[in-house]
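# Observations on the model geometry
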Amino acid sequence: METFVQLVVNGLGKGAVYALLALGFVMIFKATEVVNFAHGSLVLVGGFFVYVLKDSIGWVPAALVGIVAAGLIALLIERVLMANARNADPNSLALLTIGVDVIITEEIVRRVGAAIPFIGDPYDSQPIHLGSITIFRTQAIALVVGAVLITAFFLAFRYSSWGVAMRAQAENKEAAALMGIRSSRVTATAWLVAGALAGVAVLFMATQDFSGAGLGRGTHAIALIAFPAAILGGLDSTAGAVVGGIVVGLTEALSAQYLSFEFSKSAVFIVMLIVLVIRPSGLFGTKELSRV
């Protein structure tokens, strides 16, 4: 029983990180109907700035710079590439993000070199012992941070003018424009927030506790597991992104323990496929994948 509780807590911590990333996928899709495959590279951007700056300015300032940098790079991608191709087919724009992802990822991997560092200095590899239960500090902090940020996001999404504009644009872009909502501003903000969330997520992902993968291709690959989380919950559902992230985190943690570590990543995609067979739009989504 102790093992199960430990796995659930650690799985919820991972799920909170995946939920932050999945929210990024969903926000951009709701604003533009484009699937952003460059999300994994935004994770590396945030981590790279932490890696470069933490020894000179301290971990906390470096983490803040990394979060801001990931958000600004996302905004730059939207302003320079996506905005100029706004009338292109969404599928073509999705392919464009794949190209951006390859360029950014390869450049960061080249700059980091063979180091593949871990960047969770304040909490990585420091377990919390509660009797016979051992909880990874990384996952515990990720769960708290994720809960706070997700709550703040939903409050902003529900009550702020940006949230109202985002929901209006997602519902009917033409009607929203007639009501004076500036589509470009809503879209730019969505990319900025999505990038910042990716910058937060990497603080937990590029650690020994999360996966043992440092800042490199391994972390980039793990970031893309958030895509099944977004699909599972529904690409146009913010609530679904959170639920999908939690489901993916628990699936990965439990299958790694009770089946095999090698199978845990496959288990995530198997769960996604089962859900999509039963409900093609995802658990909370309204748009089927065949229409995306």
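Throughout what follows, the structure given in this document is the object of discussion. These figures come from a predicted structure and were not determined experimentally.

### Side note on the overall build of the protein chain
- Scanning the protein chain from terminus to terminus reveals twelve helices and two strands.
- Tracing the protein chain from N to C terminus, the helices and strands come up as α-α-α-α-β-β-α-α-α-α-α-α-α-α.
- Against the 2.2 N^0.38 benchmark of 19 Å for 292 residues, the protein chain shows a C-alpha radius of gyration of 18 Å, consistent with a compact globule.
- Summarising its shape, the C-alpha atoms of the protein chain cover approximately 60 × 50 × 35 Å along the three principal directions.
- The buried share of the protein chain, reckoned over its 292 residues, is 49%.

### Considering the packing of aromatic side chains
- Enumeration according to the criterion identifies eight aromatic pairs in this entry.
- Judged by centre distance (5.8 Å) and plane angle (75°), the rings of tyrosine 18 and phenylalanine 210 are edge-to-face. Of this pair, tyrosine 18 sits in helix H1 (residues 2–32) while phenylalanine 210 sits in the loop between helix H8 (183–205) and helix H9 (217–223); the two residues are 192 residues apart in sequence, bridging distant segments of the chain. Each member of the pair, tyrosine 18 as well as phenylalanine 210, carries the same accessibility label: buried.
- A centroid spacing of 5.5 Å and a plane angle of 15° characterise the contact between phenylalanine 153 and phenylalanine 157, whose relative ring orientation is stacked. Note that phenylalanine 153 and phenylalanine 157 are positioned in helix H5 (residues 137–159) at a spacing of four residues, about one turn of the helix. With respect to burial, phenylalanine 153 and phenylalanine 157 carry one shared label: buried.
- Through successive ring pairs, a cluster of aromatic residues spans Phe25, Phe37 and Phe227.
- For lysine 14, the ring lying beneath its charged end belongs to phenylalanine 210, and the centroid distance is 5.4 Å.

### Focus on unusual backbone geometry
- You will see that glutamate 33, though not glycine, has its phi angle at about 60°, which is positive.
- As for its position among the elements, glutamate 33 is in the loop between H1 and helix H2 (39–57).
- Residue class for glutamate 33 comes out partly exposed when judged on its relative accessible area of 41%.

### Some words on a nonpolar patch on the surface
- A cluster of nonpolar side chains, namely Phe4, Tyr258, Leu259, Phe263, Ile270, Ile274, Val277 and Ile278, defines an oily patch on the protein surface of about 840 Å² accessible area.
- When you line up the elements, isoleucine 278 lands in helix H12 (residues 261–278).
- Taking relative accessible area as the criterion, isoleucine 278 reaches 69% and is therefore assigned exposed.

### What about the environment of arginine 158?
- Here arginine 158 is to be found in helix H5.
- Residue class for arginine 158 comes out partly exposed when judged on its relative accessible area of 48%.
- As for arginine 158 and phenylalanine 48, which are separated by 110 residues in sequence, their C-alpha atoms are 33 Å apart.

Conventions used here
Residues numbered from 1 in each chain as written. Predicted model: local features only at pLDDT ≥ 70, side-chain atom pairs only at ≥ 80, totals over all residues. Heavy atoms only, no water. Helix = DSSP H or I, 4+ residues; strand = E, 2+ residues; numbered from the N terminus. Rg over C-alpha atoms; globule rule 2.2 N^0.38 Å. Buried < 20%, exposed > 50% of the residue type's maximum accessible area, 1.4 Å probe, protein only. Phe/Tyr/Trp six-rings, centres within 6.5 Å; stacked < 30°, edge-to-face > 60°. Lys NZ or Arg CZ within 6 Å of the ring centre and 35° of its normal. Patch = residues over 30% accessible without salt bridge, like charges linked within 9 Å, V, L, I, M, F, W, Y side chains within 5 Å. Areas by Shrake-Rupley, 256 points an atom, 1.4 Å probe, with all protein chains shown as cover. Salt bridge = Lys/Arg side-chain N within 4 Å of Asp/Glu carboxyl O.

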